[in-house]
Amino acid sequence: MNIGQWRSWALIIIVFSTVSCGALTFGWFSWPPTVRITKNYFEAIIKRDVTQAMRYTVHSPQGERCARATEKAAHSAITMYGGATVQQIKIDVLNGTGSDETIQFGHVKFLYQLPGQSAWHTGNLQLLTTYDNFGVRYPCGATP
């Protein structure tokens, strides 16, 4: 490769890096997606695994408040749905409305049957997610 080709590749790498960092910093996209966080949280609730439910929490002042809210909700949801047999699971992601565009809601609808019971019931979980300045999305509370 000659010097002109190296400069072209260097320019492409610089532009790509700048766009990627800008997209994360200014919230053009976030990772991981709310559907993944919600699915992980739901599976953890059914397995009665609070540690797994907390998998995507972050360590920052805002993140710590969100982690406490998520952990409290996980304990409540485990009391309601832990150990259940589930079917017809549907996860929808809804964007927040109002002034905070960083918020998304992962809503899970499902049928569940508790151990030792024959009746099936309809269950609902809703997980709120938000993201930090670098586009890292994390859970910030839930409702069973």
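Residues numbered from 1 in each chain as written. Predicted model: local features only at pLDDT ≥ 70, side-chain atom pairs only at ≥ 80, totals over all residues. Heavy atoms only, no water.

Undergrad: So what exactly am I meant to see when it comes to the packing of aromatic side chains here?
TA: To describe a pair of aromatic rings, you give the distance between the ring centres and the angle between the ring planes. Going through the model one piece at a time under the given rule, you end up with four aromatic pairs. When the centroid spacing of 5.1 Å and the interplanar angle of 75° are considered together, the rings of Y81 and F110 count as edge-to-face. Taken together, the residues Y81 in helix α4 (residues 61-81) and F110 in strand β2 (residues 104-113) connect sequence positions 29 residues apart. For the pair shown, Y81 and F110 are each scored as buried. Geometrically, the ring pair formed by Y81 and Y112 is edge-to-face, given 4.9 Å between the ring centres and 80° between the ring planes. Remark: Y112 occurs in strand β2 and Y81 occurs in helix α4; sequence separation between them is 31 residues. With respect to class, Y81 is no different from Y112; both count as buried. An aromatic cluster is built from F42, Y81, F110 and Y112, whose rings are joined through pairwise contacts. (Phe/Tyr/Trp six-rings, centres within 6.5 Å; stacked < 30°, edge-to-face > 60°. Helix = DSSP H or I, 4+ residues; strand = E, 2+ residues; numbered from the N terminus. Buried < 20%, exposed > 50% of the residue type's maximum accessible area, 1.4 Å probe, protein only.)

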